[in-house]
Amino acid sequence: MTRSDAAPKARGGVGYGMDLEAPGMLWAALVRAPVPHGRIVRMELGPARRMPGVVAVVGPDEIRTLLPKGALEAERPVFPLDEIRYRGEPIAAVAAETLEQARHAAAAVVPVVESLRTDARIEDVFPEWPSAAAAKDPRVVGHVHARHGDVEARFRSADLVHSETYHTSGVHQVALEPHACLGEARGGKFRVRTSTQTPFGLREDLASILGIFESSLVVEGTWVGGGFGGKGAAFLEPYALLLAVASRRPVKLSVTYAEEFELGRTTLPSIIRLDTAVRGGKIVGRRVRLLLDTGASLPGRDFAVGYSIGFLLGPYRTETYEIEGFAVQTNKPPFGPHRAPFAPQSVFALESHIDGLARRLGVDPIEFRLRQVWREGDRTAYDQPVGPFGLEAGLKAAARTAGAWRTRLPAGHGIGVACGFWSTSVGAGGEARLSLRPDGLVILQGEREIGNGSVVHGLAVVAERVLGLSLAAIRVDYGDTATAPFDSGVFGSRTLGALGQAVERGARSLVTILAKRVGASEIHLEIKSGQVLVVAGRRRHKLVDLLTPTERAEGGLVVEGKFYGPEREVDASRVLAGSVYPYQDFTGAVHLAEVEVDRETGHLRVVRYAAFQDVGTAVDPSAVQGQVEGGVVMGLGAALSEEMLWTPEARLANPGLLDYRLPRLRDVPPIHVELIEGFAGAGPFGAKGVGEPPIIPVPAAVANAVADATGTRVFEMPLTPERVARALKLL
Amino acid sequence: MSFQLVHPSTPAEAVRLLSGSATGDIAVLSGGTDLLLDLDNARLAPKRVLSLRKLPWRYLRWSADSLVIGSTTPLRAVENDGEVRRRLPGLWEAIRDVGSPALRSRATLGGNLGRGSPASDLIPILLALDARVRVVGPGGVRELPVDLLLQGSRRTTLGPAELIESVTLPASAPSTYLWQRVQPVNDISQVGVATAFVPQGPHWRIALGGVQPRARRMSEAEGVLPSARPSHFEVELAAQEAARRAEFVSDKRATESYRRRLVAVLVRRAIQTTLERMSKATPSRKAKR
Ligand SMILES: Cc1cc2nc3c(=O)[nH]c(=O)nc-3n(C[C@H](O)[C@H](O)[C@H](O)COP(=O)(O)OP(=O)(O)OC[C@H]3O[C@@H](n4cnc5c(N)ncnc54)[C@H](O)[C@@H]3O)c2cc1C
C-alpha cells in the first residue's frame, strides 16, 4: 500500500496548524487563571495594552462589545464571567506583532483573585460513596441510573458475589502537533483555519459559543498532526476569532506543549465499583457504580456516564443489573474525548473483574468469557439485538495462541486476556461529491486526514473497489465548510464506516448512470493512457464520449453520495435517569499480553502481545494492521506509564513529556495481529471501524497478565512499578 | 529571551570571561541538555552564554593505570569506546542508559557533574570509581575527588569562574551500575546504584543516586563487605545497610519507601553482578536487571 500523503509528509510538504500564516498576521497568547477555583476581583488590561507590539487585549468585559449578541447567552462563555473553574483557564487574550510580545503582555496581566475551595479530586467532592440523593448536588453534572430484572433476588441466591473497586487516572491524547489555529473576521464574516477532526461540528460549536450564525462562519481544516479525539470541539478558535474582531487583523494562536497538557480536555480519573453475582458458574446479576471526574464541565454530561456504563456492562449477556453513575465536577480542566472515550478505563475495571472472578471460580479466563460473551441474536442490556459479532471467534483464536505461549512460559511470566467492545459511530452521517472526469475521479469532502489514512486512503480504496478504477486515478480532495459537502467528523471510528458509505453510494450511482448510458447491466472503469474508459463486457467507451455537453463543460459527471445511518433504539423503560446509548454495530477485540514481573521491584516488561481484531471486512488489511499496532502501543502507555498527576491544589505536576511517560520504542514488544473477518459490520462491504477498538483491552490484558504471573491483582491503572510493588506488598 | 553567545577557544580566555561577569549574568553551556531547559523555563536569564564547544576538552586518554575523559566529550563518544565497555563496565552501563541516543550525542560528562543533580546516573558510578576532577579557574588548576565537588542538591563547590576540565578514572575496575525508572528511555531514575571493586584499600565501593540531598558513597554498607568474596549473607546485609542509612524523599517520581525498597534490591544485585564480573576474564555484556 502506498498512501498518497506519505511522500509529501516525509518531505515536509504538507501544512499543519502550526504552519498557518496570513499577511499582516498577529500572534496571540492567553492569560490563564492563577488559581483552580475563585473569583476575579479586578483585572487591569490597560498596562498590557500599552506594551510594545500589542494590538489587542480582550477579557470578559470586551466580549459584550465585540460580538453581536455579546455571547453572554451562550452556554459556555469565552472567558469566565463570574467564576474561575480550573487552574490555567483562559481569562483574557492578547494579540501582538510577535509571539514573544504577545506572551510578555499576557504575563503582565496579573488579576486580583479571591480563591474559593478547591475540589481537586472526586474524593474531595464525595469522601464517601454518594447516595442517589447526590444527583441533586450542584457538583454532579451527569447522572445515569438503569436497572433490569430482580437484581436483589439474584444477589441473594448467588453461589458467589465478587465485589471490587477500581481506580483509573487521567490520560492525555498527546498528539505530536499541539493545537493551533488562525482566525479572521471581516465585515461580520468569520473564517478560521485550524487543525481539527470535525470542521462542521466545530462550526456549529463556535457559532453557539460566539453567538453568531453558522452561515457567517467558515471553518477550514489543515492537515492534522494527530487528533486522538483532542481536536474536535472548540478549543483555541474562540480566542483567535475574538482577537481578530478586536484587532481587525488575522490572528494566529498556538500553545506550548505545557499549555497543551494544562488545558486538558482529555480522559480524567474514575472510580468504579463492580459487584457480580454468579450461580452455576455463570453471571446472573451485575451491579455497576461509577464516579467519573469530568473536571470543570458544565451540567449536561449524562452522556459521559452513559457511554462509560455501556463499557462497564461489556459484551456479555446480562440477565439482571443495576447501574448508577455520577459525573462529578472538579477543578481540573474539563474532560474531553480521547481515542475510544471512557473505554480503556472502564474495560480495565470490567475485564480485571471478570478475570479475577474466573480465577476465583477456578475456570480458565477465556473459557469463562466464552460462557457469557454475546453471539449474534443475543440481547444487549438495553434490549437491542446483537448483530454479527466476532468476539467469540476472537476468544477461540486467542485460546489457541495462549495455549502455544503457555507451553514455554518462563518462571515469573504470566499471560493475560481481555476483551474490548466497541460500536462504530455510523449513526453520524456524511456526504461526498464525486466528479468523474475524463482523466480520473475526484472525491470532494470535508475532512482533513488526521494520520490514520481513513480519509486520504480509505475513501479512495472504497471508490476503487466499486468502480474498478486504479488508486492512481483517484484523488481525495478537501474543501472548507463553505465548499465541501457536510460530514460529521473524524471520530468514533466512523470515517470509513459512514463517510466511506457516502463515497460508496456516490460511486454506485456513477456505475448506474454509466451502465444506462452504454446500455449494459454491468460496467467497470479502467484508466488507459490517462483516459477513463467505461468497460462493458468486451466493449470499451471513452468516458469523455459519454458525457453530456454540460458535464463536459463542468469537467465531468458529478454525483453526491450521502449516508445517514439508521436510528437505533434502546428499551427506555430500563433507564430510570439520564440516558444510555444504542449501538450502531458490534465490534471489538480480544487481546493477549505476556508480561515478565520483577517480583522484587514490581517492574513490568511486556514480552509479547497478540491482538485479535473483529474487522467485519478488512478493506485494506495493511492499514488495519497499522491501526491495531498503533492502538496497542498507545494502550500500553495507558497501561504502564501514562498518567496526569495533579497536586491537592489541582496543579498538574507533569505537564511535559519527561514525566508524562509515553511508550518508547524500547517498551514495545512484538505484536501479533490477527484479523477476524466474516462478521459483517455497518460500514462499506461489511467493514467495521478500527480506529478506536485496538486501544481498549490493553490495560486490562496487561493487568490480567500480572495477576497470572503473581496471583496478585492491581486495582489501579497505570500499572507503574511502584503500584505493582504495593500490590505485591513489597512496601 | 536574548543573550550574547561567546565561544572562547582557550581555557584561560574562558576563565577570564567568567571572572569578568557577575554571577547570574553569565551561564556556561556544554551540551546544553540541562541548560537549555533552564533558559526555556526562565529559571536562568543570563546576559551572556559561554559555550565550551571550542575548548580542547573532547578526548578520552588512556594510560597504564588511568582513563582521563575531557569534560566536553559527548557521552555517546564514551559509550562507543569499546575499551570503556570492557574495562569499566559500570561506567559504560551508566552512560549508555542516559536519556536517548540523540540526547547522549549532545550531553557531556562535565555538564552532568556541573549540574550536580541528585538524580544523576553518572555521579554514583564516578563516586564508586573514586573519580578525580580537574578544575581550572582564576587560581589555576586544582584536582579534587568527585565527592568534594558535590555540595547539595544541584550545587557544586565550584567557584563562579571555575570550570571542570576533565575527570580521571582508574583504567579498569569490575563495576556495575543499575537503575530503576518507569521507562528505560528518556526518564529520570528513581534510584541508581553503583558498585565497584578496587584492588587496594577497603575493596568495595557502593554509591547511590536518587538519594538526598546528593549522590553519596555508603561507607557503612561498604564496611559490611570486608573481603573480595563476601558471603550471600554479607551482601544482603550490605544492601540492607545501604537502604537503611540513605535518605530519600517522596516526589512525583517515587515515594520514599519505594526508593528504599529499590536500593535494598539493587545494591544486592549490583554486588552480585560485580562479583560475577570479577570471576570472568571478560565482563559480561550486560548487568542483570
Ligand atoms: C530528556 C532528558 C533525559 C535525561 N536523562 C538523563 C539520564 O537518564 N541520566 C542523567 O544522569 N541525566 C539525564 N538528563 C540530564 C542531562 O542530560 C545530563 O545531566 C547531561 O549529562 C548534562 O550535560 P550537558 O553537557 O548537556 O550539560 P549542560 O546543559 O550544558 O550543562 C549543565 C550544567 O552544568 C554546567 N556545566 C556544563 N559544563 C560544565 C563544565 N565543564 N564545568 C562547569 N560547569 C559546567 C552548566 O553551566 C549547567 O549549569 C536528561 C535530560 C533530558 C532533557
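Keep in mind it's a predicted model, so treat the numbers as computed, not measured.

K.L.:
Mind showing me how you'd approach the overall build of chain A here?
P.N.:
Scanning chain A from N- to C-terminus turns up 20 helices and 27 strands. Here the C-alpha radius of gyration of chain A, 27 Å, is about what a compact globule of 731 residues would show, namely 27 Å. Overall, chain A is about 80 × 75 × 50 Å in size when its C-alpha atoms are taken along their principal axes. For chain A, the share of sequence-separated contacts (at least 6 apart) that also reach a separation of at least 24 residues comes to 81%.

K.L.:
Explain the overall build of chain B here, please?
P.N.:
In terms of regular secondary structure, chain B is built from 12 helices and 14 strands. Since a compact globule built from 289 residues should have a radius of gyration of about 19 Å, the 19 Å found for chain B is in line with a globular shape. Burial statistics for chain B: of 289 residues in total, 47% are counted as buried. Here the contacts in chain B between residues at least 6 apart in sequence split such that 65% fall between residues at least 24 apart.

K.L.:
It is not clear to me how the site of the ligand should be interpreted in this structure. Could you clarify?
P.N.:
Neighbouring the ligand are 30 residues, the closest being G31(B), G110(B), G111(B), N112(B) and G114(B). Near the ligand, the surrounding residues belong to chains A and B. Looking at the shell around the ligand, the elements with two or more residues in it are strand 2 (26–29), helix 6 (101–106), helix 7 (109–115) and strand 10 (163–170) of chain B. Per-element accounting of the shell around the ligand gives the leading share, five residues, to helix 7 of chain B. When grouped by side-chain class, the residues that make up the shell around the ligand number 13 nonpolar, 13 polar and four charged.

K.L.:
It is not clear to me how the packing of helix 14 (residues 454–467) of chain A against helix 15 (residues 495–518) of chain A should be interpreted in this structure. Could you clarify?
P.N.:
Packed helices, taken two at a time, are described by their axes: the angle between them and the distance between them. All names here are of chain A. Where helix 14 contacts helix 15, the two axes come as close as 9 Å, and the packing angle between them is 35 degrees. Between helix 14 and helix 15 the crossing geometry is right-handed. For the pair formed by helix 14 and helix 15, the contact residues are S454, V455, G458, L459, V462, A463, V466 and L467 on the first element and T495, L496, L499, G500, V503, E504, A507, R508, L510 and V511 on the second. The residue makeup of the contact of helix 14 with helix 15, split by class, is 12 nonpolar, four polar and two charged.

K.L.:
Would you take a moment to explain the interface of chain A and chain B for this structure?
P.N.:
Often, the extent of an interface is quoted as the loss of accessible area on bringing the components together. Residue-level contacts link 19 residues of chain A with 16 residues of chain B. Tallied by class, residues from the side of chain A that touches chain B come to seven nonpolar, five polar and seven charged.

K.L.:
Before we go on, may I ask you to explain the domain arrangement of chain B in this structure?
P.N.:
Considered domain by domain, chain B is made up of domain 1 (1–54) and domain 2 (175–279). Taking only C-alpha atoms, the centre of domain 1 of chain B and the centre of domain 2 of chain B are 35 Å apart.

K.L.:
Got a minute to help me understand the sheet that holds strand 11 (residues 217–221) of chain A in this structure?
P.N.:
Strands pair in a sheet through their backbones, by hydrogen bonds, and they do so in one of two ways: parallel or antiparallel. Residue and element names in this part refer to chain A. Read across the sheet, seven strands follow the order 3-5-1-12-9-10-11 without closing on themselves; strand pairing throughout is mixed. Each edge of the sheet is formed by a strand with only one pairing partner; in this case those strands are strand 3 (54–58) and strand 11. Along the sheet, successive strands turn relative to each other by an average axial angle of 25 degrees, direction set aside. The strands touched by helix 4 (residues 99–108) are strand 1 (26–32), strand 3 and strand 5 (90–96); relative to strand 1, the strand with the most contacts, the crossing angle is about 25 degrees.

K.L.:
Would you explain the nonpolar core in this entry?
P.N.:
Where a protein is soluble and globular, its nonpolar side chains tend to be buried together. One finds A463(A), V702(A), V706(A), A242(B), V263(B) and V267(B) to be the most contacted residues of the largest nonpolar core, which totals 240 residues. Among the elements that make up this core, the one with the highest residue count is helix 18 (residues 621–640) of chain A (10 residues). In this structure V706(A) touches G414(A), V595(A), V597(A), L604(A), V714(A), L719(A) and V724(A), once residues within four positions along its chain are discounted.

K.L.:
Please explain the pairing of strand 3 of chain A as it appears in this structure.
P.N.:
Remark: a regular strand shows side chains that alternate across the two faces of the sheet. Residues and elements named next belong to chain A. Taking burial as the measure, the five residues of strand 3 include five buried ones, the bulk of the element. One ladder, built from four bridges, connects strand 3 with strand 5; its direction is antiparallel. Across the sheet, the residue bridging to V54 is A96, located in strand 5.

K.L.:
Would you mind showing me how to read the sheet that holds strand 12 (residues 191–197) of chain B here?
P.N.:
Residue and element names in this part refer to chain B. Taking strand neighbours across the sheet as the criterion, the four strands line up as 11-12-13-14 in an open arrangement whose pairing is antiparallel. Single-partner strands in this sheet number two, and they are strand 11 (175–180) and strand 14 (216–217). Direction of pairing for strand 11 relative to strand 12: antiparallel, over a ladder of six bridges. Of the residues in strand 12, the one forming a bridge with Y177 is A194.

K.L.:
What is the right way to look at the domain arrangement of chain A in this model?
P.N.:
Residue and element names in this part refer to chain A. By the assigned domains, chain A splits into domain 1 (16–116 + 179–254), domain 2 (270–425 + 572–727) and domain 3 (430–563). Computed from C-alpha atoms alone, the centre-to-centre distance between domain 2 and domain 3 is 38 Å. On the domain 3 side, the residues contacting the 18 residues of domain 2 number 17 residues. Considered class by class, the residues forming the side of domain 2 that touches domain 3 number 10 nonpolar, six polar and two charged.

K.L.:
Help me understand the pairing of strand 19 (residues 474–478) of chain A, please; the structure alone is not making it clear to me.
P.N.:
All names here are of chain A. Residue alternation in strand 19 divides its side chains into a buried set, I474, V476 and Y478, and an unburied set, R475 and D477. When strand 18 (residues 440–445) meets strand 19, the two strands line up parallel, connected through five bridges. Of the residues in strand 19, the one forming a bridge with Q445 is Y478. Of the crossover connections in this fold, the one passing from strand 18 over helix 14 to the parallel strand 19 is right-handed.

Calculation rules
- Residues numbered from 1 in each chain as written.
- Chains lettered and ligands numbered in written order.
- Predicted model: local features only at pLDDT ≥ 70, side-chain atom pairs only at ≥ 80, totals over all residues.
- Helix = DSSP H or I, 4+ residues; strand = E, 2+ residues; numbered from the N terminus.
- Rg over C-alpha atoms; globule rule 2.2 N^0.38 Å.
- Contact = placed C-beta atoms within 7 Å.
- Buried ≥ 20, exposed ≤ 12 C-beta atoms within 10 Å, placed from the backbone.
- Near = placed C-beta within 6 Å.
- Nonpolar A, V, L, I, M, F, W, Y, C, P; charged D, E, K, R; others polar.
- Axes fitted to C-alpha atoms, helices over the stretch in contact; angles between N-to-C directions.
- Left-handed = near helix turned anticlockwise from the far one by under 90°.
- Domains from an automatic or database assignment.
- Pairing = 2+ DSSP bridges.
- Core = buried A, V, L, I, M, F, W, Y, C linked by C-beta atoms within 7 Å.
- Right-handed = clockwise from strand over helix to strand, strands pointing away.

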